[in-house]
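Each chain, written out:
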Amino acid sequence: MAEITLTEQNFEEEVLRSDLPVLVDFWASWCGPCRMIAPFVEEIAEEKAGLVKVGKINVDEEPGLAARFKVMSIPTLMVFRDGAAVKTSVGAIPKSMIEALLD
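Cut-offs and rules
- Residues numbered from 1 in each chain as written.
- Predicted model: local features only at pLDDT ≥ 70, side-chain atom pairs only at ≥ 80, totals over all residues.
- Heavy atoms only, no water.
- Helix = DSSP H or I, 4+ residues; strand = E, 2+ residues; numbered from the N terminus.
- Buried < 20%, exposed > 50% of the residue type's maximum accessible area, 1.4 Å probe, protein only.
- Contact = heavy atoms within 4.5 Å.
- Areas by Shrake-Rupley, 256 points an atom, 1.4 Å probe, with all protein chains shown as cover.
- Polar contact = N/O pair within 3.5 Å; in protein donor to acceptor, adjacent residues only side chain to side chain.
- Phe/Tyr/Trp six-rings, centres within 6.5 Å; stacked < 30°, edge-to-face > 60°.
- Core = buried A, V, L, I, M, F, W, Y, C linked by side-chain atoms within 4.5 Å.
- Pairing = 2+ DSSP bridges.
- Axes fitted to C-alpha atoms, helices over the stretch in contact; angles between N-to-C directions.

So, the overall build of the protein
Working step 1: A count of helical and extended segments in the protein gives 4 helices and 5 strands.
Working step 2: With the C-alpha coordinates of the protein rotated into their principal frame, the extents come out at 30 × 30 × 20 Å.
Working step 3: When each of the 103 residues of the protein is scored for burial, the buried share is 45%.
Working step 4: When contacts within the protein are restricted to residue pairs at least 6 apart in sequence, long-range pairs at least 24 apart make up 70% of them.
Working step 5: Only carbon and sulfur atoms are counted for the fraction: they give 54% of the accessible area of the protein, which is about 5400 Å².

In structure tokens form, the structure reads like this:
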């Protein structure tokens, strides 16, 4: 399963009502550290398809979602389970640490 582009319109359905855990990547196109972790996030989306959903929120296009979850720095990764954010990581981290967020 590919990454899902998350917006105000689909966030509740794709994330808050998801039966699977959801890894959400808050990012922007101009953010160097965001580009550094993007391949890891994409690999996790493919490797864990069916076990985890992976969504991306462009903070420039969806400032309301960024504000709602108090995202002050990017990249910010959040894991949602049962409609709630349960884990958060800010900054570029290695793939193994991103995977650890999902455990």
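So, next bit.
Some words on the side chain of Lys56
Working step 1: As for its position among the elements, Lys56 is in strand β3 (residues 53-58).
Working step 2: At 2.7 Å, the side chain of Lys56 and the side chain of Asp25 are in polar contact.
Working step 3: In contact with Lys56, other than residues within four places in its own chain, are Glu3, Ile4, Thr5, Leu6, Asp25, Trp27 and Ala38.

Examining the packing of aromatic side chains
Working step 1: One pass over the structure, following the stated rule, counts 4 aromatic pairs.
Working step 2: Ring geometry for Phe11 against Phe80: centres 5.8 Å apart, planes inclined by 80 degrees, an arrangement best described as edge-to-face. Linking Phe11 in helix α1 (residues 11-16) with Phe80 in strand β4 (residues 76-81), this pair joins segments that are 69 residues apart in sequence. Exposure class is identical for Phe11 and Phe80. Each is buried.

Quick word on the nonpolar core
Working step 1: Counting residues in each nonpolar core, the largest one holds 19 residues, and the members touching the most others are Phe11, Val24, Phe26, Phe69, Ile74 and Phe80.
Working step 2: Every element with two or more residues in this core is listed here: α1, β2 (22-27), α3 (63-68) and β4.
Working step 3: Setting aside residues no more than four positions away along its own chain, Ile74 makes contact with Phe26, Trp27, Ala28, Trp30, Cys31, Cys34 and Val59.
Working step 4: By size, the runner-up hydrophobic cluster in this structure holds 13 residues, among which are Ile37, Ile44, Leu77 and Leu102.

Brief notes about the sheet that holds strand β1 (residues 4-5)
Working step 1: Strand order in the open sheet made by the 5 strands is β1-β3-β2-β4-β5, with mixed pairing throughout. Because the sheet does not close on itself, it has two edges, and the strands there are β1 and β5 (84-90).
Working step 2: Packing against the sheet, helix α2 (residues 32-47) makes contact with β2, β3 and β4, and its axis sits at approximately 160 degrees to β2.

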